[in-house]
Amino acid sequence: MTWSSLFILFFLGIGVGFINVISAGGSLISLPVLVFLGLPSAMANGTNRIGILAQNISAFIEFYRKGLIKWKLSLLLSVPAVIASLIGATFAIDLPDTTFNNIMAIIMVVVILLILFKPQQYVKMKNQEFTLTKKILLFISFLIVGFYGGFIQAGVGFLIIAFLSILASKLMLVEMHSIKTVVITIYMLTSTVVYIMHGQVNWTYAIILAIGSWIGGWLGSKFAMKVSEKFLKIIMTIVIFSMASILLLF
């Protein structure tokens, strides 16, 4: 552990927190960086979650102040997410480092392709009403969100926005981001306990990353309607493809 590592983590946290609120996928950057800094994969995964929690709590406060939180839907979707996240977290801790790194690299490439091509835009539901069928599909969707969030977390925001875009298309984008923030905050509070109980958190790294992420989340919620997602996606595509390539050879 060096001062340069802590310096990198602090500014990494600011960038990741900002990206996660404006768009999603910041963990696709922070998680590999923690691995590159020498943490075992499970510990990198657990450490990264402290920063995500800080960023989401910061963003949650701002969304709450602006009256943008859809409480009923957010809390309902949090139930399946919490249950599945505990299973996903337990599964992740038992994976060997090499297996986890390879899975993460593949997921990074898949997610960045989803960011670029947005396949959800080609899936249209004829009925725009929020029907019972849609509610059931959302419940199932957020079981998937929860398991993936507990397992690796990186890029889970894209899954949430995609599912909401298809099944709750009447929501404004900023409302979808607020739901994403509430759901992730709630299931992260529970699933992160699994990592803590197994000693898979480097607290020095986690606290520095969390401080930066808190600042980034606050900045992101302030400028959620003013920053170009297109520019962020170009930068993230370059960075994530580079990191995925390195991970596959790590």
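Preceding this section is the structure that the text describes.
Here the structure is a predicted model, which means the values were calculated and not measured.

**Thoughts on the overall build of the protein chain**
Step number 1: Along the protein chain, the regular secondary structure elements total 10 helices and 0 strands.
Step number 2: When its helices and strands are written in sequence order, the protein chain yields α-α-α-α-α-α-α-α-α-α.
Step number 3: Accessible surface, the protein chain as shown: approximately 11,400 Å² in total, 74% of it carbon and sulfur.

**Here we look at the side chain of Ser 85**
Step number 1: Here Ser 85 shows up in helix α4 (residues 71–93).
Step number 2: Given a relative accessible area of 0%, Ser 85 falls into the buried group.
Step number 3: Polar side-chain contacts of Ser 85 include one of 2.8 Å to the backbone oxygen of Val 82.
Step number 4: For Ser 85, the contacting residues outside a window of four places in its chain are Gly 146, Phe 147, Gly 150, Tyr 187, Thr 190 and Ser 191.

**Description of helix α8 (residues 173–197)**
Step number 1: Counted at 1.5 Å a residue, the expected span for α8 with its 25 residues is 36 Å, and the 36 Å between its end C-alpha atoms agrees.
Step number 2: Leu 189 marks the point of greatest bend in α8, at about 35 degrees.
Step number 3: Counting buried positions along α8 yields 18 of 25 residues, so the element is predominantly enclosed.
Step number 4: Of the residues trailing α8, Gly 199 is marked for its positive phi of about 70 degrees.

**Here we look at helix α2 (residues 27–36)**
Step number 1: The buried count for α2 comes to 9 of 10 residues, which makes it a mostly enclosed element.
Step number 2: For α2, the full list of buried residues reads Ser 27, Leu 28, Ile 29, Ser 30, Leu 31, Pro 32, Val 33, Leu 34 and Val 35.

**Re the pattern of salt bridges**
Step number 1: For the structure on display, the rule yields 1 salt bridge.
Step number 2: Glu 175 is the salt-bridge partner of Lys 70, the closest N and O atoms lying 3.9 Å from each other. Remark: Glu 175 occurs in helix α8 and Lys 70 occurs in the loop between α3 (41–65) and α4; sequence separation between them is 105 residues.
Step number 3: Of the residues examined, Glu 175 reaches a relative accessible area of 14% and is grouped as buried.

**A look at the packing of α4 against helix α6 (residues 132–151)**
Step number 1: Interhelical geometry of α4 versus α6 gives an angle of 40 degrees and a closest axis separation of 6 Å. One way to sum up the angle between α4 and α6 is to call them oblique. For the element pair α4 and α6, the recorded crossing hand is right-handed. Across the interface between the two elements, Leu 73, Leu 77, Pro 80, Ala 81, Ala 84, Ser 85, Ile 87, Gly 88, Ala 89, Phe 91 and Ala 92 of α4 pack against Leu 138, Phe 139, Phe 142, Leu 143, Gly 146, Phe 147, Gly 150 and Phe 151 of α6.
Step number 2: When the residues that make up the contact of α4 with α6 are grouped by side-chain class, the tally is 15 nonpolar, 4 polar and no charged.

**Comments concerning the packing of aromatic side chains**
Step number 1: All chains considered together, the criterion is met by 9 aromatic pairs.
Step number 2: Judged by centre distance (6.3 Å) and plane angle (75 degrees), the rings of Tyr 64 and Trp 71 are edge-to-face.
Step number 3: We classify Trp 71 as partly exposed; its relative accessible area is 39%.

**A few points about the environment of Gly 199**
Step number 1: By secondary structure assignment, the location of Gly 199 is in the loop between α8 and α9 (203–222).
Step number 2: The class for Gly 199 is partly exposed, based on a relative accessible area of 43%.
Step number 3: C-alpha separation for the pair Gly 199 and Gly 46, spaced 153 residues apart in sequence, amounts to 8.7 Å.

**Observations concerning a nonpolar patch on the surface**
Step number 1: Together, Ile 57, Ile 196, Trp 203, Ile 207, Ile 211, Trp 214 and Ile 215 make up an exposed nonpolar region whose accessible area comes to about 600 Å².
Step number 2: Take Ile 196: its relative accessible area is 38%, and that puts it in the partly exposed class.

**Focus on the packing of helix α7 (residues 156–167) against α8**
Step number 1: In contact at an axis separation of 10 Å, α7 and α8 are set at 130 degrees when each is read in the N-to-C sense. Taken as axis vectors, α7 and α8 run oblique relative to one another. Pair α7 / α8 crosses with right-handed handedness. Within the contact between the two elements, α7 uses Val 156, Gly 157, Ile 160, Ile 161, Leu 164 and Ser 165 and α8 uses Leu 173, Met 176, His 177, Ile 179, Lys 180, Ile 184 and Tyr 187.
Step number 2: Broken down by class, the residue content of the contact of α7 with α8 amounts to 9 nonpolar, 3 polar and 1 charged.

Cut-off values and rules
- Residue positions within a chain follow its written sequence, with the count starting from 1.
- Local features are withheld for residues below a pLDDT of 70 in this predicted model, meaning they are given only at 70 or higher, and side-chain atom pairs are given and counted only at 80 or more; totals for whole chains, interfaces and linings count all residues.
- Based on all heavy atoms of the structure, the side-chain values leave hydrogens and waters out of the count.
- By definition, any uninterrupted DSSP run of H or I lasting at least four residues is a helix, any uninterrupted run of E lasting at least two residues is a strand, and each is numbered from the N terminus.
- Method for areas: the Shrake-Rupley scheme with a 1.4 Å probe, in which residue coverage is limited to the protein chains shown.
- The buried label goes to any residue with under 20% of its type's maximum accessible area, the exposed label to any with over 50%, and the partly exposed label to all in between, with areas taken from a 1.4 Å probe on protein chains only.
- In protein, a polar contact means a hydrogen-donor-capable atom and an acceptor-capable atom, both N or O and within 3.5 Å, with residues adjacent in sequence counting only if both atoms are side-chain atoms; elsewhere, any N or O pair within 3.5 Å suffices.
- Only heavy atoms matter for contacts: two residues are in contact if any of them lie within 4.5 Å across the pair.
- Working rule for helices: expected span equals 1.5 Å times residues minus one.
- The angle separating two fitted axes, one through the seven residues that finish at a residue and one through the seven that start at it, defines the bend at that residue.
- Salt-bridge detection follows one rule: a side-chain nitrogen of Lys or Arg within 4 Å of a carboxyl oxygen of Asp or Glu.
- For helices, the axis comes from a line fit to the C-alpha atoms of the stretch in contact; other axes are also lines fit to C-alpha atoms, and the angle between any two N-to-C directions lies between 0 and 180 degrees.
- Working rule for angles: under 35 degrees goes down as roughly parallel, over 145 as roughly antiparallel, 65 to 115 as roughly perpendicular, anything else as oblique.
- Crossing handedness follows the turn of the near helix against the far one: under a right angle anticlockwise gives a left-handed crossing, and clockwise gives a right-handed one.
- Throughout, the ten residues Ala, Val, Leu, Ile, Met, Phe, Trp, Tyr, Cys and Pro are labelled nonpolar, Asp, Glu, Lys and Arg are labelled charged, and all others, Gly among them, are labelled polar.
- A pair of Phe, Tyr and Trp rings is counted when the ring centres sit within 6.5 Å of each other, with Trp represented by its six-membered ring. The angle between the planes then sorts it: under 30 degrees is stacked, over 60 is edge-to-face, the rest tilted.
- A residue counts toward a patch only above 30% relative accessible area and without a salt bridge, and it is joined to like-charged neighbours within 9 Å or, for Val, Leu, Ile, Met, Phe, Trp and Tyr, to nonpolar neighbours within 5 Å.

Function cannot be read off these values alone, since they describe shape.
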